[in-house]
Amino acid sequence: MTQSGGSTNLHVDVSIIMPVHNAAAWLPESLQSVLLQTFQGSMELAIFNDASKDNSLKIIQEWRQKFADAGIEMTVGGHDSDKPKGDVIISACPSCPEDFCRLPPSQDNPRHNDSGTS
């Protein structure tokens, strides 16, 4: 999978890096939570699709215009190999030059827990 998007800003105040692995069930809520942020500076969302086999990538692409309309730069990268490689995203964190950098999991929403119930 190739990376798409990319920051056109010289300085971004907040970068949100979202790893995604088979997150279709809760991904729309997670993306909506990013759009609902009230932060007033510049923001970008970097999504790393970690070998998802469900509709995660399709959902991400469907949300791309909503982020563009909100002025939030979205970058999508990752891979589609047979196994997730969660450690790949960790290498991106130290190079994050922004003032704030948050790494929420794609299932980071109040109604999701490990038991799969709401």
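Residues numbered from 1 in each chain as written. Predicted model: local features only at pLDDT ≥ 70, side-chain atom pairs only at ≥ 80, totals over all residues. Heavy atoms only, no water.

Turning to the overall build of the protein, a few remarks are in order. Along the protein, the regular secondary structure elements total three helices and four strands. When the helices and strands of the protein are placed in sequence order, the string is β-α-β-α-β-α-β. Residue burial in the protein is summarised as follows: out of 118 residues, 34% are buried. Once local pairs closer than 6 in sequence are excluded, the contacts in the protein between residues at least 24 apart make up 85%. Only carbon and sulfur atoms are counted for the fraction: they give 52% of the accessible area of the protein, which is about 7,100 Å². (Helix = DSSP H or I, 4+ residues; strand = E, 2+ residues; numbered from the N terminus. Buried < 20%, exposed > 50% of the residue type's maximum accessible area, 1.4 Å probe, protein only. Contact = heavy atoms within 4.5 Å. Areas by Shrake-Rupley, 256 points an atom, 1.4 Å probe, with all protein chains shown as cover.)

Turning next to the confidence of the model for the protein. When pLDDT is averaged along the protein, the result is 75, and 61% of the positions lie at 70 or above. Strand E4 (residues 100-102) is the least confidently modelled element of the protein, averaging 56 in pLDDT, while helix H2 (residues 56-69) averages 96, the highest of any element. (pLDDT = per-residue confidence, 0-100.)

All right, on to the pairing of strand E3 (residues 73-79) then. The element E3 is extensively covered by neighbouring structure, given that six of its seven residues are classed as buried. As paired strands, strand E2 (residues 43-50) and E3 are joined by seven bridges and run parallel to one another. Within E3, the residue paired with Ala46 across the bridge is Thr75. Regarding the hand of the β-α-β motif, the stretch spanning E2, H2 and E3 is right-handed. (Pairing = 2+ DSSP bridges. Right-handed = clockwise from strand over helix to strand, strands pointing away.)

Our focus in this paragraph is unusual backbone geometry. For Asn22, which is not glycine, the phi torsion reads 50° and is therefore positive. Note that Asn22 resides in the loop between strand E1 (14-20) and helix H1 (27-35). Of note in this structure, Ala51 is not a glycine but carries a positive phi near 60°. For Ala51, a relative accessible area of 1% gives the class buried.

Glancing now at H1. Considered for burial, the residues of H1 that qualify are Leu27, Ser30, Leu31 and Val34. Along the axis of H1, the buried residues cluster in a sector spanning 95°; they form a single face. (Arc of directions from axis to C-beta.)

We now examine H2. With 14 residues, H2 should cover 20 Å at 1.5 Å per step; its first-to-last C-alpha distance of 21 Å lies within 8% of that length. The largest bend along H2 reaches roughly 35° and is located at Trp63. Among all positions of H2, only Ser56, Ile59, Ile60, Trp63 and Phe67 are buried. Where H2 is buried, its residues contact E1, H1, E2 and E3. Immediately beyond the C-terminal end of H2, within one or two residues, lies Gly71, with a positive phi of roughly 75°. (Expected span 1.5 Å × (residues − 1). Bend = angle between axes of the 7 residues up to and from the residue.)

We now examine the side chain of Ser56. Residue placement: Ser56 occurs in helix H2. In this structure, Ser56 is in contact with Val20, Asn22, Ala23, Ala24, Leu27 and Asn49, ignoring residues within four places of it in sequence.

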